[in-house]
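Residues per chain, in single letters:
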Amino acid sequence: KASHIKDKIIEIAYLNENIGGTALAANYAGKPMPAGNYLPDVLLANICKHNVTKFPYEIARLTQDLAGGIVVTLPADKDFQHNVAGPLLEKFMMAKKGVSPEHRRRILRLIENMTMGRNAVGYLTESLHGAGSPMAQRVLIQRLMNIEHKKGLAKKLAGIVE
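All values derive from a computational prediction rather than experimental measurement. (Residues numbered from 1 in each chain as written. Predicted model: local features only at pLDDT ≥ 70, side-chain atom pairs only at ≥ 80, totals over all residues. Heavy atoms only, no water.)

## Notes on helix α7 (residues 134–144)
Buried within α7 are the following residues: P134, Q137 and I141. Burial along α7 is one-sided: seen end-on, the buried residues are contained in an arc of 60°. Residues of α7 that are exposed and point more than 90 degrees away from the buried face comprise M135, Q142 and R143. Where α7 is buried, its residues meet α2 (42–67) and α6 (120–129). (Buried < 20%, exposed > 50% of the residue type's maximum accessible area, 1.4 Å probe, protein only. Helix = DSSP H or I, 4+ residues; strand = E, 2+ residues; numbered from the N terminus. Arc of directions from axis to C-beta. Contact = heavy atoms within 4.5 Å.)

Have a look at this one:
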């Protein structure tokens, strides 16, 4: 595959794994509660939730970029069943030897559905608002980030003695 294609696929994987990694980190850094339940680390959980409000949109953009303009110009499935147009569409949908035009169409329909179709509501809009507003997460991150401690660490690393 071309390097720009590989790079986009790597970026998609990075974004997905980043969400999973921050979720795991929040759980790993969590603490058992007296009632027997487990409380994830609130700062890391909010960082994870904040990533979920952003990364799916970038994943959708990259996926649409990889799919190309055909994701919005793909003829209807019934057009592929037409006696005259169907065989022509099948011919021109062939892109790579060993990948059937039907499989290519199905992947393109999935991308369409997940990034701008009916399932985009569940994937994109739910990602943005499903865990509370992004601003509420940012407020909580600001409260919990312990900036003074981090400043002290930076000064120590820089050899600054006050």
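## Quick word on a nonpolar patch on the surface
Side chains of M33, L39, V42 and L144 sit close together on the surface and give an oily, nonpolar patch of about 290 Å² of accessible area. Tracing the backbone shows L39 in strand β2 (residues 38–39). (Patch = residues over 30% accessible without salt bridge, like charges linked within 9 Å, V, L, I, M, F, W, Y side chains within 5 Å. Areas by Shrake-Rupley, 256 points an atom, 1.4 Å probe, with all protein chains shown as cover. Salt bridge = Lys/Arg side-chain N within 4 Å of Asp/Glu carboxyl O.)

## Considerations on unusual backbone geometry
The phi angle at N146 is positive, at roughly 55°, despite the residue not being glycine. Tracing the sequence through the fold places N146 in the loop between α7 and α8 (147–158).

## Section: the pattern of salt bridges
One pass over the full model with this rule turns up 9 salt bridges. Across the pair E148 and K151 runs a salt bridge, and its minimum N-O distance is 3.2 Å. Remark: K151 and E148 occur in helix α8; sequence separation between them is 3 residues, near one turn of the helix. Residue class for E148 comes out exposed when judged on its relative accessible area of 54%.

## Structural notes on the confidence of the model for the chain
Averaged over the chain, the pLDDT score is 94; the fraction of residues at 70 or greater is 100%. Within the chain, helix α1 (residues 3–28) carries the highest mean pLDDT (97), whereas α6 carries the lowest (89). (pLDDT = per-residue confidence, 0-100.)

## With respect to the packing of α2 against α7
As a packed pair, α2 and α7 sit with axes 9 Å apart at the nearest point and diverge in direction by 150°. Crossing of α2 over α7 shows left-handed handedness. Each of V42, L43, N46, I47, K49, H50, T53 and K54 in α2 lies in contact with α7, whose residues at this interface are P134, Q137, R138, L140, I141 and L144. (Axes fitted to C-alpha atoms, helices over the stretch in contact; angles between N-to-C directions. Left-handed = near helix turned anticlockwise from the far one by under 90°.)

## As for the packing of aromatic side chains
In this structure the tally under the stated criterion is 0 aromatic pairs. Cation over ring: R105 sits above F80, and NZ or CZ is 4.0 Å from the ring centre. (Phe/Tyr/Trp six-rings, centres within 6.5 Å; stacked < 30°, edge-to-face > 60°. Lys NZ or Arg CZ within 6 Å of the ring centre and 35° of its normal.)

## Observations regarding the packing of helix α4 (residues 85–93) against helix α5 (residues 101–115)
One way to put it is that α4 packs onto α5 with a least axis distance of 9 Å and a crossing angle of 80°. Between α4 and α5, the crossing angle belongs to the class labelled roughly perpendicular. Touching E90, F92 and M93 of α4 are P101, E102, R104, R105 and L108, all from α5. Residues of the contact of α4 with α5, tallied by class, amount to 4 nonpolar, no polar and 4 charged. (Parallel < 35°, antiparallel > 145°, perpendicular 65-115°, else oblique. Nonpolar A, V, L, I, M, F, W, Y, C, P; charged D, E, K, R; others polar.)

## Topic: the environment of P56
In this structure, P56 sits in helix α2. Owing to a relative accessible area of 4%, P56 belongs among the buried residues under this scheme. In the structure, P56 is positioned 87 residues away from R143 in sequence and 25 Å away in space, judged by C-alpha atoms.

## Quick notes on the side chain of K8
Along the chain, K8 turns up in helix α1. Under the relative-accessibility criterion, K8 is labelled buried at 19%. Discounting residues that sit within four places of it in the chain, K8 has contacts with L62, D65 and L66.

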